[in-house]
Amino acid sequence: MTEKHHIKKTANIDGHPVKVRSGLTILEAAQKAGIYIPTLCHLEDLEPYGGCRLCVVDVKEMKGFPTACTTPIEPGMEIRTCTPELQKLRSEILEFTLSEHPYTCLVCKDNQECTDFMHSTRKVNTITGCNFCTSNGDCELQDLVDYLELKDIKFSITYRGIPPVKDNPFYDLDYNLCVLCGRCVRICNEERNSHVLAFVERGNSTIVGTAFQESQVKAGCEYCGACVDVCPTGSISEKIGKWRSVPDKSVTTTCVMCSVACQMNVNTRNGQLIHIGPQPGKRTAPPQLCMRAKFLPANLNQHPSRITTPLVKKGEKWIEVCWKDVFNHLATKLTTYKGSRFGLIASGQDTLEDNYSLQKFVREVMQSNNVDLQESYSQRELPELLHAFYSHNPPVGLEQIERADTILVMGLDASNSHPLLENRIRKSFRQGKEVIYASPFQTRTSTFITSEIYYEPGNETLLIFELLTAIGMNRSQDALTRAHIPEQAVSTLRNSKKLLIIAGDDLLRNHSGVETLQLLFELQQLKLWNRRCHILFPGLEGGIYGSNLMGVHPGYLPGFYPLSETEGWSCNEMIHHIQKKELSALMVMGDIPVHPSLAELDFLVQCNMFNTGLSDLADVFLPLSDFLENEGHILSLGGKIRKVNSCVSRPGNVKSIAAILSGLAANMGIPGFSSAPSKIYREIRSKVEIPFRSIEDVKKRKLKKQEAYSVRVATHTGYYKYRGNKLENLIPELKEISDEGT
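The structure contained in this document is the topic of the report that follows. (Residues numbered from 1 in each chain as written. Predicted model: local features only at pLDDT ≥ 70, side-chain atom pairs only at ≥ 80, totals over all residues. Heavy atoms only, no water.)

**Overview of the overall build of the chain**
Here is step 1 of the chain: When helices and strands are tallied, the chain shows 23 helices and 29 strands.
Here is step 2 of the chain: Computed over its C-alpha atoms, the radius of gyration of the chain comes to 29 Å, within 12% of the 27 Å expected for a compact globule of 742 residues.
Here is step 3 of the chain: For the chain, the C-alpha atoms occupy an extent of roughly 85 × 70 × 50 Å along the three principal directions.
Here is step 4 of the chain: The proportion of buried residues among the 742 residues of the chain is 58%.
Here is step 5 of the chain: The long-range share in the chain, meaning contacts at least 24 apart out of those at least 6 apart in sequence, stands at 67%.
Here is step 6 of the chain: Here the chain has roughly 32400 Å² of accessible surface; of this, 50% comes from carbon and sulfur atoms. (Helix = DSSP H or I, 4+ residues; strand = E, 2+ residues; numbered from the N terminus. Rg over C-alpha atoms; globule rule 2.2 N^0.38 Å. Buried < 20%, exposed > 50% of the residue type's maximum accessible area, 1.4 Å probe, protein only. Contact = heavy atoms within 4.5 Å. Areas by Shrake-Rupley, 256 points an atom, 1.4 Å probe, with all protein chains shown as cover.)

Shown next, in the form of structure tokens:
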């Protein structure tokens, strides 16, 4: 609930004076004062629910026992939270709740001793007690039984006999353990705006499910995992880590899967990953993540096909070698390919430190400028144009969505590419804000909008030109109809006082991306005459702009300083120059599609976690650590530096990119390369002074007329990738959710 900072007076809770702020409930005020009131249904930042009735309190001069989560606190209130009468009432409520939950272990006098001997019998199909449950040791029912000192339950257990549901890709459902607290339903509907879960059936037959008994996939589940994170029992349990006991350590890090760079909590035990989600006992306000952050990193980190030892190809076979030998081998081979014959393809999902080290290695050791990202823009000046724009308009993040009165979304399927951004758009729509969506396709975003603009693929530049003209002039309705622009959308954009334009990468990844970007800037300037207007560029991978800023670009040094010598080749140009016999050696971070010309390379080094089609052509394979095992930083779409922390132990002999380059440079006789992220970051801070340049310094081009072709191809970027690895090939469960093909 919204909290106003103006302090009025005080109330009294259990003899302690508590500050009263407008909009607070008794429960919230007590929690802020460190006073415990039991609850099962409460979720922070959502509307009060009052379903479990466990938070009842005694308020002087108020009839009955009101629920603390729904009762506003007022000055002068005298509140008691733990009287014998309240505890007796709560115990009776909990007994009723547990009558349909396997409770034997909860009240067994020998449950502590039993725990020491029952580990070998936990993997069962039907949960009949705590020692058979995946949430044993981290269960809110156990905490409540201890708090209320419940020793016996007068009701016999009613086993519901509902078969567990195990056909979901990332978690299992056991409705026999559900206490109908409603948390999963509310987080799905109120926070995530997905509306997949609901209470179905009636009376004793009530369960949480989907309408018409559809599977969660068919019901539109996005597998964000929010329902898993808030479940107070073992009713919803993740498949990975479910039998590994309670975590003994929790580390906060940053997700690199997309540019939002969400903060995520990684729970481990003895250095091994248990799950990604809230800390034990912190389920009422878990971090909001998407499927790629919640489930995929754990699947990748613990994948059975992961390679953990350096490999060198001898004939047609891979031979395991130690790092010392592979460094010597690489130093000898790469020395012969210095200059423009060498190229390196990096990933935007690596840290700033790793990518800074990569471009430094290419330029200082290999004396080449052939360094680029897998997902680079076809027009190489586009990142610099964005950088110049940021000199006058600092990057904006998700918080700007909440401040806008009108949101114009273009060229973006955010429900797949940036789910947390999509979540904010949905919230804005529910709050009554104007949401205008321009896209060639129907997506899930289309169901949370007030106006829709359709344009044909390839006409992105023309669309923005038409919008610019329509807003700046009084266009006739006939002209707007021909351009597929509703009059309502134009009127809304013209009258908006706080416009936010969300420009997806689909607008920029074509032959007219620079022209499109310049028209977006002009559209913003038009609105800035007497209104506020911001542009948010979500980007694609974890940190494409940040990686370009670090110098992973064939045309710029770190900080977008122009090269004094010949520019290098882009990713696509490198492939082309292999065919021309001008590029002979290539190093790839992760995976790239196997192009026929790659077979013509003299020497190919793949740095990856998995064997892929590219590995068949590689001469050396270097096993990489993933971001859960790395230290460093990443630049978010809002222009904020986010910390990436090492959360889990590294398996086998895997190394970070910086460690590999440090060892390799040393073997090639080049000093100055560190493997310590902290030292690399200090070097970045000392050398990469962001030299903002005006947009006018970047060469502008005239708007070109669209050429007519017999066939128009719309490109679509796969979202389920990590370092170029197609995750559907590694995690089969993704094929149940996405339709990206193979």
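**Structural notes on the packing of helix α16 (residues 460-472) against helix α18 (residues 487-495)**
Here is step 1 of the chain: One can describe the packing of α16 onto α18 by two numbers: an axis separation of 9 Å at closest approach and a directional angle of 70°. Between α16 and α18, the crossing angle belongs to the class labelled roughly perpendicular. The two elements α16 and α18 cross, and the hand of that crossing is right-handed. Judged by residue contacts, Leu467, Ala470 and Ile471 of α16 engage Val490, Leu493 and Arg494 from α18.
Here is step 2 of the chain: Here the residues of the contact of α16 with α18 sort into five nonpolar, no polar and one charged. (Axes fitted to C-alpha atoms, helices over the stretch in contact; angles between N-to-C directions. Parallel < 35°, antiparallel > 145°, perpendicular 65-115°, else oblique. Left-handed = near helix turned anticlockwise from the far one by under 90°. Nonpolar A, V, L, I, M, F, W, Y, C, P; charged D, E, K, R; others polar.)

**Brief notes about the state of the cysteines**
Here is step 1 of the chain: The tally for this structure, following the rule as stated, stands at zero disulfides.
Here is step 2 of the chain: A disulfide-free cysteine, Cys255 has its sulfur positioned 6.2 Å from the sulfur of Cys290, the nearest such atom. (Disulfide = S-S within 2.5 Å.)

**What about unusual backbone geometry?**
Here is step 1 of the chain: For Asp45, which is not a glycine, the phi torsion comes out positive at approximately 70°.
Here is step 2 of the chain: Of note, Asp45 is situated in the loop between α1 (26-32) and β3 (58-59).
Here is step 3 of the chain: Asp45 sits in the exposed class, given a relative accessible area of 64%.
Here is step 4 of the chain: Its identity as a non-glycine residue notwithstanding, Glu201 has a phi of 65°, on the positive side.

**Some points on the sheet that holds strand β19 (residues 498-503)**
Here is step 1 of the chain: One open sheet accounts for five strands, arranged β18-β17-β16-β19-β20; its pairing is parallel. Each edge of the sheet is formed by a strand with only one pairing partner; in this case those strands are β18 (451-454) and β20 (532-536). Strand after strand, the sheet turns through a mean of 15° between neighbouring axes, direction not considered. (Pairing = 2+ DSSP bridges.)

**Things to note about helix α10 (residues 323-335)**
An α-helical turn contains 3.6 residues, so a residue and the one three or four places further along point in the same direction.
Here is step 1 of the chain: End to end, α10 covers 18 Å across 13 residues, agreeing with the expected 18 Å (1.5 Å per residue, within 8%).
Here is step 2 of the chain: Along α10, the residues classified as buried are Trp323, Val326, Phe327, Leu330, Ala331 and Leu334. Angular distribution of buried residues about the axis of α10 spans 135°; they occupy a single face of the element. Pointing more than 90 degrees away from the buried face of α10 are the exposed residues Lys324 and Thr332. (Expected span 1.5 Å × (residues − 1). Arc of directions from axis to C-beta.)

**With respect to the pattern of salt bridges**
Side chains bearing opposite charge may pair, as long as their charged atoms lie close to each other.
Here is step 1 of the chain: This model, assessed by the stated rule, comprises 27 salt bridges.
Here is step 2 of the chain: Close ionic contact of Glu92 with Lys88 constitutes a salt bridge, the shortest N to O distance being 2.7 Å. Taken together, the residues span about one helical turn, with Glu92 and Lys88 both in helix α2 (residues 84-98) at a distance of four residues.
Here is step 3 of the chain: Under the relative-accessibility criterion, Glu92 is labelled partly exposed at 29%.
Here is step 4 of the chain: Taken together, the shared-partner salt bridges connect Asp138, Glu140, Arg183 and Arg283 into one network. (Salt bridge = Lys/Arg side-chain N within 4 Å of Asp/Glu carboxyl O.)

**A few points about the sheet that holds strand β9 (residues 249-254)**
Adjacent strands of a sheet form backbone hydrogen bonds with each other and so pair up, either parallel or antiparallel.
Here is step 1 of the chain: The three strands are arranged β9-β10-β11 in an open sheet whose pairing can be described as antiparallel. Looking along the sheet, the strands with just one partner apiece sit at the ends: β9 and β11 (272-276). Between one strand axis and the next, the sheet turns through 35° on average, direction left out of account.
Here is step 2 of the chain: Pairing geometry for strand β10 (residues 263-269) and β11, over four bridges, is antiparallel. Within β11, the position partnered with Asn267 by the bridge is His275.

**A word on the environment of Lys735**
Here is step 1 of the chain: Relative to the elements of secondary structure, Lys735 occurs in the segment after β29 (725-726).
Here is step 2 of the chain: Residues Lys735 and Pro169, spaced 566 residues apart in sequence, show a C-alpha to C-alpha distance of 9.4 Å.

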